[in-house]
Amino acid sequence: MSLYSTYTVPQNSQLLHRLEHLHSRGFIYRDVKPENCCVGRASRGRADLVHLVDFGLAKEYLDPDTGDHVPFAEGKCLAGTVRYMSINAHRGIEQTRRDDLEALGKSRQSST
């Protein structure tokens, strides 16, 4: 059974908010998958809390000096888990926020 199959609507909403927060800080996650989502400890009363882990592939999508979005680029290497990657990531197009959201949808869809 997948971890996602036990998630409730509020927990799925938390994942979306976690990505939104990361994006608001100028980063993209690039590795959204069920294995990178952890549920809080029931012994501490936090079983309803969802965490994102493993930020090893996270990358800035905004230039820290100018605040400009990274330029469009093709021919990029794959980064992330192939099963959950966006179509554009498979095509070698520079990943951005939309790719995190597409991967979230794919990871959710694959558990049903």
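Residues numbered from 1 in each chain as written. Predicted model: local features only at pLDDT ≥ 70, side-chain atom pairs only at ≥ 80, totals over all residues. Heavy atoms only, no water.

A. Representation of the pattern of salt bridges in the model. Throughout the structure, instances matching the rule amount to five salt bridges. When the shortest N-O distance is used, the salt bridge between Asp31 and Lys33 registers 3.9 Å. In this structure, the salt-bridge partner of Lys106 is Glu102, at a minimum N-O distance of 3.9 Å. Residue Lys106 and its partner Glu102 are located together in helix α3 (residues 97-109), separated by four residues, close to a single helical turn. Assessed through its relative accessible area of 22%, Lys106 is described here as partly exposed. Through salt bridges with shared partners, one network takes in Lys59, Lys76 and Glu94. (Salt bridge = Lys/Arg side-chain N within 4 Å of Asp/Glu carboxyl O. Helix = DSSP H or I, 4+ residues; strand = E, 2+ residues; numbered from the N terminus. Buried < 20%, exposed > 50% of the residue type's maximum accessible area, 1.4 Å probe, protein only.)

B. Focus on the packing of aromatic side chains. Scanning all chains against the criterion turns up one aromatic pair. Ring plane angle 80 degrees and centroid distance 5.2 Å describe the contact between Tyr29 and Phe55, whose orientation is recorded as edge-to-face. Taken together, the residues span a long stretch of sequence, with Tyr29 in the loop between β1 (27-28) and β2 (37-39) and Phe55 in the loop between β3 (50-52) and β4 (59-60) at a distance of 26 residues. Judged by its relative accessible area of 0%, Tyr29 falls in the buried class. (Phe/Tyr/Trp six-rings, centres within 6.5 Å; stacked < 30°, edge-to-face > 60°.)

C. Structural detail: the nonpolar core. Counting residues in each nonpolar core, the largest one holds 10 residues, listed as Leu15, Leu19, Leu22, Tyr29, Val32, Cys37, Val50, Leu52, Ala103 and Leu104. Taken together, the elements giving at least two residues each to this core come down to α1 (9-24), β3 and α3. Of all the elements, α1 adds the most residues to this core, at three residues. Once you skip the residues sitting within four places of it in the chain, Leu22 turns out to touch Phe27, Ile28, Tyr29 and Phe55. (Core = buried A, V, L, I, M, F, W, Y, C linked by side-chain atoms within 4.5 Å. Contact = heavy atoms within 4.5 Å.)

D. Just unusual backbone geometry, in detail. Even without being glycine, Arg30 reaches a positive phi, approximately 70 degrees. Structurally, Arg30 can be placed in the loop between β1 and β2. A positive phi angle is found at Asp54, which is not glycine, with a value near 65 degrees. Along the chain, the position of Asp54 falls in the loop between β3 and β4.

The values are spatial; any link to function lies outside them.
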